[in-house]
Amino acid sequence: MAFKLGNRRGKPVVFRKQLEGDTLAEANMDGSITIDPRVKQGSAKEKRIIKHEMKHVHDIETGRAAFGDGWVMWEDKVYFRKRIDGIPVIDGPSGRWPEGHEAHPWEQEAINAEKK
């Protein structure tokens, strides 16, 4: 049985760690969420970010999504990550877009979750 950190009773385990570039947060495969210290604790922005990342955590927990260093799985299809001119991109179902771009369907759903 796998050890799970996050999403206990709807409350994620949140870690604070400096993230690369303009990334402010990320969901982790263990169900936890990492938030960059640039995001003020308790702020409206942090609450919105947590809702966004919780959608990713939910998708991971239900098997709809998974990821590794060089790939993203969405709805049973694997898409590869690469760097082009130093920019991390994913060749996803809607084309080649930078990581975190709203054109990726998993990001569209997480953006919608921010509003709930």
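Now for a look at the structure at hand. (Residues numbered from 1 in each chain as written. Predicted model: local features only at pLDDT ≥ 70, side-chain atom pairs only at ≥ 80, totals over all residues. Heavy atoms only, no water.)

Some remarks on the overall build of the protein
And then number 1: Scanning the protein from N- to C-terminus turns up two helices and eight strands.
And then number 2: A compact globule built from 116 residues should have a C-alpha radius of gyration of about 13 Å, and the protein, at 14 Å, falls within 12% of that.
And then number 3: A principal-axis box enclosing the C-alpha atoms of the protein has dimensions of 35 × 35 × 25 Å.
And then number 4: Burial statistics for the protein: of 116 residues in total, 36% are counted as buried.
And then number 5: Once local pairs closer than 6 in sequence are excluded, the contacts in the protein between residues at least 24 apart make up 32%.
And then number 6: In the structure as shown, the protein presents an accessible area of about 7,500 Å², 53% of it carried by carbon and sulfur atoms. (Helix = DSSP H or I, 4+ residues; strand = E, 2+ residues; numbered from the N terminus. Rg over C-alpha atoms; globule rule 2.2 N^0.38 Å. Buried < 20%, exposed > 50% of the residue type's maximum accessible area, 1.4 Å probe, protein only. Contact = heavy atoms within 4.5 Å. Areas by Shrake-Rupley, 256 points an atom, 1.4 Å probe, with all protein chains shown as cover.)

Overview of the pattern of salt bridges
And then number 1: On inspection of all chains with the given rule, the structure shows 12 salt bridges.
And then number 2: Among the salt bridges present, the one from Asp91 reaches Lys82, with a minimum N-O distance of 2.8 Å.
And then number 3: When its relative accessible area of 35% is taken as the criterion, Lys82 is described as partly exposed.
And then number 4: Bridged by salt links that share partners, the residues Lys55, Asp59, Arg64, Glu75 and Glu109 form one connected network. (Salt bridge = Lys/Arg side-chain N within 4 Å of Asp/Glu carboxyl O.)

Some points on the sheet that holds strand β5 (residues 71-74)
And then number 1: Pairing within the open sheet is antiparallel, and its five strands lie in the order β4-β5-β6-β7-β8. Edge positions in the open sheet fall to β4 (65-68) and β8 (95-98), since each of these has one partner strand only. Ignoring which end each strand starts from, the neighbouring axes of this sheet average 25 degrees apart.
And then number 2: The pairing of strand β7 (residues 87-92) with β8 spans four bridges and is classified as antiparallel. The partner of Gly92 across the bridge, within β8, is Gly95.
And then number 3: Seen against the sheet, helix α2 (residues 105-114) touches β5, β6 (77-84) and β7 and runs at an angle of roughly 65 degrees to β5. (Pairing = 2+ DSSP bridges. Axes fitted to C-alpha atoms, helices over the stretch in contact; angles between N-to-C directions.)

Examining unusual backbone geometry
And then number 1: Phi at Glu75 is positive, roughly 50 degrees, even though this residue is not glycine.
And then number 2: Along the chain, Glu75 turns up in the loop between β5 and β6.
And then number 3: Despite not being glycine, Asp85 shows a phi value in the positive range, around 55 degrees.
And then number 4: Turning to its location among the elements, Asp85 is positioned in the loop between β6 and β7.
And then number 5: Note on Asp85: relative accessible area 80%, which makes it exposed.

Some remarks on helix α1 (residues 44-61)
And then number 1: For α1, with 18 residues, the first-to-last C-alpha span of 26 Å sits near the 26 Å given by 1.5 Å per residue.
And then number 2: When we look at burial in α1, the residues that qualify are Glu46, Ile49, His52, Glu53, Met54, Lys55, His56, Val57, Asp59 and Ile60.
And then number 3: Against β1 (14-16), β2 (25-27), β3 (33-35), β4, β5 and α2 lie the buried residues of α1.
And then number 4: Looking one or two residues beyond α1, the residue adopting positive phi is Gly63, at roughly 85 degrees. (Expected span 1.5 Å × (residues − 1).)

With respect to the sheet that holds β2
And then number 1: Pairing is mixed across the open sheet formed by three strands, whose spatial order is β1-β3-β2. Each edge of the open sheet is held by one strand with a lone partner, namely β1 and β2. Ignoring which end each strand starts from, the neighbouring axes of this sheet average 20 degrees apart.

Purely geometric numbers; function is a separate question.
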